[in-house]
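Coordinate analysis (summary)
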Amino acid sequence: MSISKKVKRVMEEGSWIRKMFEEGVKLKEEFGENNVFDLSLGNPVIEPPEEFRDELKRIANSDELGTHRYMPNAGYSDTRIAIASQLKSETGLNFTENNIIMTCGAGGALNVVMKSLLDPGDEVVIFAPYFVEYIFYADNHGGMCRVVPPDPNFLPDFDVFEKIITPRTRIVLINTPNNPTGVVYSEKVLARLAEIIHAKENEFGIQISLVSDEPYRKILFDGLDYPQVFRYHKNSVVATSHSKDLGLPGERIGFIAVNPSYFCVEELLNGLVFCNRTLGFVNAPALMQRIVANLQTITINVRQYESKRDFMYSNLVDIGYEIVRPQGAFYMFPKAPINDDVRFVKNLGKHRVLVVPGSGFGLPGYFRIAYCTDDETLRRSLDGFREARASFS
Ligand SMILES: Cc1ncc(COP(=O)(O)O)c(C=O)c1O
């Protein structure tokens, strides 16, 4: 008896992040925890804001009964009202609590959305480099991913995008600010994506959902504003979480927001509630729902990530790396000095620097740095980046 052949195969082929984690464990045993510079994981170093702790204490000390019970599968009404009113003020669109479903993080949200929308064989268009879990999430629900390559700035190749959409396309899935590149789609990029989607909807007589995966929506640098996807396509859905903007990835709290003008909005919302339940999530964690209801305008100190971005970007460019300057999230995606990104990443490992090869994000020839770690680790990683670069020049 063994685990399923399919799961075994994808695990063996699959996760570079897991492989780097295992490599890291070995290196840490050999050289000591403090002498390995682990930039392979997107686990945010910045602690949740003070307001989070205050809310946690307030709720823990409350005598209110029933706070740990089941609630409607969409989540608490108060929390959904708070999120809807924030979205209404940001977009000018008529969001109500009925457009919001509370979920177990953005990962839970994406699975609920895909299960609700996909029939077997339906296609999900994604953009390289991509968060690799998308492939597995789509497969969980019978979907197949079709991949659009990037231009040199990690923006979509629109010519390929136009050709890749077929009558089986149900979802176009974007992620901005992006993991692994840190690139943020501008209003112009969103407008062009929406224009192509509309043309294809008309050509094939179908409706295509633009699903925006946005766990980094508040982690923006250089004074950028958040480009709202809802303004560009009526059949749009946002899947997001507070894993990064409140520093709560272990607490599994996120939400789905459906555009009030979505073509079958009521049916979709009922489907999402059903899928949240039957995927076994049942509901998002009760305590976290109560807390985030009062934190919709609060964010961790984004300037701290911005200064880590500045430090790593300027030092690595000085060393000779080619990098598209990230404008959000907490990743960068430099070009590997040789075509073989896996070989280069292994060489960085010899210098005790752990990163993830671009092959793990569907784009060989690059590697991902997660700089959401402490400043000392970032500073001490630079010698390794310098020596690895020198060994291939
Ligand atoms: C692009 C992207 N989408 C989704 C997720 C999942 O986020 P969550 O922890 O909220 O499930 C992550 C987590 O790193 C991510 O980087």
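So, here is what we can say about the structure in this document. Source: prediction; values computed, not measured.

Okay, the overall build of the protein next. For the protein, the helix and strand inventory stands at 13 helices and 12 strands. On C-alpha atoms alone, the protein measures out to a radius of gyration of 21 Å, which is about the 21 Å that the 2.2 N^0.38 rule sets for 393 residues. Sequence separation of at least 24 residues holds for 75% of the intrachain contacts in the protein that already meet a minimum separation of 6. Distance from the positive charge centre (44 side chains) to the negative charge centre (50 side chains) of the protein: 3 Å.

Attention now goes to empty space enclosed by the protein. Tallied over the full model, the rule gives 2 cavities of 30 Å³ or more. Its volume calculated, the largest cavity comes out at about 90 Å³. Lining the largest cavity we find 13 residues, and of these Phe-127, Pro-129, Asn-175, Asn-178 and Tyr-185 sit closest to its centre. Counting residues per element, the lining of the largest cavity draws most heavily on strand E5 (residues 169-175), which supplies 3 residues. Its residues placed into classes, the lining of the largest cavity shows 10 nonpolar, 3 polar and no charged. There is about 30 Å³ of room inside the second largest cavity. Lining the second largest cavity, in full, are Ile-83, Gln-86, Leu-87, Glu-90, Arg-217, Lys-218, Phe-255 and Gln-296. If you tally residues by element for the lining of the second largest cavity, the top one is helix H4 (residues 77-91), at 4 residues. Looking at the lining of the second largest cavity residue by residue, the classes come out as 3 nonpolar, 2 polar and 3 charged.

When its volume is computed, the largest pocket comes out at roughly 740 Å³. Together, 31 residues line the largest pocket, and Ile-17, Phe-131, Glu-133, Tyr-137 and Lys-244 are the ones closest to its centre. Sorting the residues of the lining of the largest pocket by element identifies helix H1 (5-13), helix H2 (16-31), helix H5 (105-117) and helix H6 (133-140) as the ones contributing at least two each. It is H6 that contributes the most residues to the lining of the largest pocket, 4 residues altogether. When the residues that make up the lining of the largest pocket are grouped by side-chain class, the tally is 16 nonpolar, 9 polar and 6 charged. Here the lining of the largest pocket spans two domains, and each of domain 1 (5-48 + 300-390) and domain 2 (66-293) adds at least three residues to it. Here the second largest pocket is characterised by a volume of approximately 360 Å³. Lys-28, Asp-38, Thr-373, Asp-374 and Thr-377 are, among the 15 residues lining the second largest pocket, the residues nearest its centre. Those elements that provide at least two residues to the lining of the second largest pocket are strand E1 (37-38) and helix H13 (375-390). Take the lining of the second largest pocket: its biggest share by element is 3 residues, from H13. Residue composition of the lining of the second largest pocket, by class: 5 nonpolar, 4 polar and 6 charged.

What follows covers the site of the ligand. Around the ligand sit 14 residues, and of these Asp-213, Tyr-216, Ser-241, Ser-243 and Arg-252 come closest. In the environment of the ligand, an oxygen atom lies 2.8 Å from a nitrogen or oxygen atom belonging to the backbone of Ala-106. Here Asn-179 contributes a side-chain N or O atom positioned 2.8 Å from an oxygen atom of the ligand. Compared with its free state, where it exposes 390 Å², the ligand has 91% of that area covered by protein. Judged by the fraction of its atoms near the pocket grid, the ligand is located in the largest pocket. Of the residues forming the shell around the ligand, the biggest block, 3 residues, is contributed by H5. Across the shell around the ligand, the residue classes tally to 5 nonpolar, 6 polar and 3 charged.

Between helix H3 (residues 50-60) and helix H10 (residues 286-293), the least distance of the axes is 9 Å, while the angle of their chain directions is 125°. By the angle between their directions, the pair H3 and H10 is classed as oblique. Classified by chirality, the crossing of H10 by H3 is right-handed. In this structure, H3 uses Phe-52, Glu-55, Leu-56 and Ile-59 to contact H10, whose residues at the interface are Leu-287, Met-288, Arg-290 and Ile-291. A class-by-class count of the residues in the contact of H3 with H10 yields 6 nonpolar, no polar and 2 charged.

Spatial strand order, E2-E8-E7-E6-E5-E3-E4: 7 strands in an open sheet with mixed pairing. Strands at the two margins of the open sheet, each flanked by one partner only, are strand E2 (100-103) and strand E4 (144-148). Here the average twist between neighbouring strands, direction ignored, is 20°. Strands E2 and strand E8 (254-258) of the sheet are contacted by H4, whose axis makes an angle of about 120° with E2.

By the definition in use, this model includes 21 salt bridges. Among the ionic pairs, Glu-214 bridges to Arg-217, the shortest N-O distance being 3.3 Å. Judged by its relative accessible area of 2%, Glu-214 is buried.

Turning our attention to the sheet that holds strand E9 (residues 331-332). With antiparallel pairing, the 3 strands of this open sheet are ordered in space as E9-E12-E11. Where the open sheet ends on each side, the last strands, each with one partner, are E9 and strand E11 (356-357). Sheet topology places E9 next to strand E12 (residues 367-370); 2 bridges connect them, and they run antiparallel. Within the sheet, the bridge partner assigned to Met-332 lies in E12 and is Ile-369.

This part is about the state of the cysteines. Counting across every chain of the model gives 0 disulfides. With no disulfide partner, Cys-145 has as its closest neighbouring cysteine sulfur the one in Cys-275, 17 Å distant. For Cys-275, which is in no disulfide, the shortest distance to another cysteine sulfur is to Cys-264 and amounts to 13 Å.

Reading the values: the criteria
- Residues numbered from 1 in each chain as written.
- Predicted model: local features only at pLDDT ≥ 70, side-chain atom pairs only at ≥ 80, totals over all residues.
- Heavy atoms only, no water.
- Helix = DSSP H or I, 4+ residues; strand = E, 2+ residues; numbered from the N terminus.
- Rg over C-alpha atoms; globule rule 2.2 N^0.38 Å.
- Contact = heavy atoms within 4.5 Å.
- Lys, Arg positive; Asp, Glu negative; His and termini not counted.
- Charge placed at Lys NZ, Arg CZ, Asp CG, Glu CD.
- 1 Å grid on protein atoms, 1.4 Å probe; cavity = no way out; pocket = protein on both sides within 12 Å on 5 of 7 lines; lining within 4 Å.
- Points joined across faces, edges and corners; volume = space filled by probe spheres on them.
- Nonpolar A, V, L, I, M, F, W, Y, C, P; charged D, E, K, R; others polar.
- Domains from an automatic or database assignment.
- Near = heavy atom within 4 Å.
- Polar contact = N/O pair within 3.5 Å; in protein donor to acceptor, adjacent residues only side chain to side chain.
- Areas by Shrake-Rupley, 256 points an atom, 1.4 Å probe, with all protein chains shown as cover.
- Sits in = over half its atoms within 2 Å of the grid points.
- Axes fitted to C-alpha atoms, helices over the stretch in contact; angles between N-to-C directions.
- Parallel < 35°, antiparallel > 145°, perpendicular 65-115°, else oblique.
- Left-handed = near helix turned anticlockwise from the far one by under 90°.
- Pairing = 2+ DSSP bridges.
- Salt bridge = Lys/Arg side-chain N within 4 Å of Asp/Glu carboxyl O.
- Buried < 20%, exposed > 50% of the residue type's maximum accessible area, 1.4 Å probe, protein only.
- Disulfide = S-S within 2.5 Å.

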